[in-house]
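Letter by letter, the chains look like this.
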Amino acid sequence: MSCSQGNAKIFYNIGKIAADRGEIEKAVENYKHSLTLYKNYTSALNNYGNILRDLGQLEKAKAILEKACSIDPQFASGLMNLAIVEMALGNYPQSEAYFKRVIQIRANHAYSHFNMANMVCLFCCKLNYCWQLYLLHLPVPRMEALSRSRANVQKSSSARWKTCAGLEQFNSSNTRP
């Protein structure tokens, strides 16, 4: 790691702490400074893109996240966040393609499974069937992995997780619909 990359990490960490505290302007300033020191810093690009997404600057967030993913095509978190931005833009087929890439890279990436299920809900506009539709697209081993890993997602987003009416049926039977 070069000296400038090491310094970039310092500013990245300051940006992350600021973002966690809700100090968005300070976070953006530090992420940008980190990127002036090391322009290919994928984690800084990812976090900066997430802030832009949260601020509603979806096209700018998309460009930043695309840059991160072009630097590292195996960057699962960046691809997932890019999929979320595409979903927010209404580009459901592109969003699905990114989610599928993440799941190919990391089959047990629970947040991608969760967000892809949300995308299916939005795209199909049939909340009563979204969970079952999503499960039909999962190979059985992935369903089992999702079942094991979804507890962490459920803890952090229990209200959103239960938006799909079919989830309770899946929980009780633990079989494909």
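Preceding block: the structure.
Residues numbered from 1 in each chain as written. Predicted model: local features only at pLDDT ≥ 70, side-chain atom pairs only at ≥ 80, totals over all residues. Heavy atoms only, no water.

Asker: Looking at this structure, I do not really get the side chain of Thr-42. What am I missing?
Answerer: Its location among the elements puts Thr-42 in helix α3 (residues 42-54). Taking the relative accessible area as the measure of exposure, Thr-42 reaches 14% and is therefore buried. Sequence-distant contacts of Thr-42, defined by excluding residues within four places in its chain, comprise Ala-68, Ile-71, Asp-72 and Phe-75. (Helix = DSSP H or I, 4+ residues; strand = E, 2+ residues; numbered from the N terminus. Buried < 20%, exposed > 50% of the residue type's maximum accessible area, 1.4 Å probe, protein only. Contact = heavy atoms within 4.5 Å.)

Asker: I tried to follow the pattern of salt bridges on my own but got confused; where do I start?
Answerer: Opposite charge on two side chains makes pairing possible when the charged atoms of those side chains draw close. If you walk through the whole model with that rule in mind, you get four salt bridges. A salt bridge links Asp-54 to Arg-53; the nearest nitrogen and oxygen atoms lie 3.3 Å apart. Assessed through its relative accessible area of 60%, Asp-54 is described here as exposed. (Salt bridge = Lys/Arg side-chain N within 4 Å of Asp/Glu carboxyl O.)

Asker: For this particular structure, what's the right way to read the nonpolar core?
Answerer: For soluble globular proteins, nonpolar side chains are generally found buried alongside one another. Counting residues in each nonpolar core, the largest one holds 36 residues, and the members touching the most others are Tyr-31, Leu-35, Tyr-41, Ala-44, Tyr-48, Phe-99 and Met-119. Mapped onto this core, the elements with two or more residues apiece are α1 (3-20), α2 (24-37), α3, α4 (58-71), α5 (76-88), α6 (92-105) and α7 (110-124). Of all the elements, α5 adds the most residues to this core, at eight residues. Discounting residues that sit within four places of it in the chain, Leu-35 has contacts with Tyr-41, Ala-44, Leu-45 and Tyr-48. (Core = buried A, V, L, I, M, F, W, Y, C linked by side-chain atoms within 4.5 Å.)

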